[in-house]
Amino acid sequence: MRDLAGFVHTRRHLLTLKPTNRNNWFTFAVSQHLMDRQAQAVGIVKAYEDTLEGTPENDYEHSEMLLYKNMLLEEDGLKQEALDHLESCAEHIVDGLFLKEKRADLMRQLGRTSEAEAIYRTLLRRNPEHHGYHAGLQACVLGSSAAPVEQWLHEEVDDAAESTLKQLYAELQHQHPKSAVCKRIPLDFARDSTHFRIAAKTYILPALRKGVPSLFADLKPLYASPAKGKVLGEIFSDWLESLAESGKLRGEVT
């Protein structure tokens, strides 16, 4: 029915009838959240916190309550308050990985890019295939005003940004030699034809030799760019010629 005003009224009434029920507090907070009243929702969660005594019965549920409050603060535009809240309750957050992710994201939004960058690099050591970590690290390296971008193919990339990203991924490929994502992302942000040709050969040749079935589907979006499609055509034509002449693929160009 999407009767959000009615939902707020109902949840307020149920809370007054049974204020000892935790679910009534949080459904009332959610009703305010759905009405884009984040400040009121934060106040409700805080009021519930004030009713708690002693050690929480369920660590995980208490952790989720704290993270929900943190999300409300962030959505209300209170980035610094959200980060301060996160730091103050870090010992009660059960999901340690999410804690690191959120801390890095808030620091990046507050312009503390060097601190956020260090966290993103730590996260990438844990999982170098995570596109979100790559997007966060890229934004930190490009500057405090840059927004995270997970798909560079249709984004504007100037020469300075391409040079910075090229240097970053040369470093990441050295640190994570088995990561496919570290080799694939440069194909999206590369605008210089020489850079794209080298990046494409670096990524495609091992997969082609192994006969990876999904390689075509992986490369297909690149053909949306006529310039990149032309370079890919030239690469494959050259390899076909090499196979016809010697039965072997030409070596990777570096």
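Residues numbered from 1 in each chain as written. Predicted model: local features only at pLDDT ≥ 70, side-chain atom pairs only at ≥ 80, totals over all residues. Heavy atoms only, no water.

A.B. asks: Break down unusual backbone geometry for me, citing the residues and quoting the values.
C.D. replies: Here R2, not a glycine, exhibits a phi torsion of approximately 60 degrees, which is positive. Along the chain, R2 falls in the segment before α1 (4-17). Phi angles above zero are rare outside glycine, and D36 is one such case at about 60 degrees. The residue D36 is located in the loop between α2 (22-34) and α3 (38-51) in this model. (Helix = DSSP H or I, 4+ residues; strand = E, 2+ residues; numbered from the N terminus.)

A.B. asks: Before we move on, can you summarise the packing of aromatic side chains with the specific residues and values?
C.D. replies: Summed over the entire model, instances satisfying the criterion amount to four aromatic pairs. The interplanar angle of 50 degrees and the centroid separation of 6.1 Å between the aromatic rings of W25 and Y48 together place this pair among those described as tilted. Of this pair, W25 sits in helix α2 while Y48 sits in helix α3; the two residues are 23 residues apart in sequence, bridging distant segments of the chain. Centroid distance Y169 to F189: 5.7 Å. Interplanar angle 45 degrees. Geometry classified as tilted. A residue pair is termed long-range when its members are at least 10 positions apart, and Y169 in helix α9 (residues 159-175) and F189 in helix α10 (residues 180-189) qualify at 20 residues. On the basis of relative accessibility, which here comes to 1%, the residue Y169 falls in the buried class. A network of ring pairs unites the aromatic residues W25, F26 and Y48 as a single cluster. (Phe/Tyr/Trp six-rings, centres within 6.5 Å; stacked < 30°, edge-to-face > 60°. Buried < 20%, exposed > 50% of the residue type's maximum accessible area, 1.4 Å probe, protein only.)

A.B. asks: Now, about the side chain of H62: what can you tell me, with residues and values included?
C.D. replies: Examined against the element boundaries, H62 turns out to sit in helix α4 (residues 59-75). Under the relative-accessibility criterion, H62 is labelled buried at 15%. Contacts of H62, omitting those with residues within four sequence positions, involve L52, P56 and H92. (Contact = heavy atoms within 4.5 Å.)

A.B. asks: Please set out the layout of surface pockets residue by residue, giving values where relevant.
C.D. replies: Considering only enclosed or pocket space, the largest pocket measures out at about 420 Å³ in volume. Together, 15 residues line the largest pocket, and R22, Y48, L52, E61 and H62 are the ones closest to its centre. Considering each element in turn, the lining of the largest pocket owes the most residues, four residues, to α4. Split by residue class, the lining of the largest pocket holds five nonpolar, five polar and five charged. By volume, the second largest pocket is sized at about 260 Å³. Lining the second largest pocket are 14 residues, with A180, Y203, P206, A207 and K210 sitting closest to its centre. Here the element with the most residues in the lining of the second largest pocket is helix α11 (residues 193-210); it accounts for five residues. Across the lining of the second largest pocket, the residue classes break down as seven nonpolar, three polar and four charged. (1 Å grid on protein atoms, 1.4 Å probe; cavity = no way out; pocket = protein on both sides within 12 Å on 5 of 7 lines; lining within 4 Å. Points joined across faces, edges and corners; volume = space filled by probe spheres on them. Nonpolar A, V, L, I, M, F, W, Y, C, P; charged D, E, K, R; others polar.)

Purely geometric numbers; function is a separate question.
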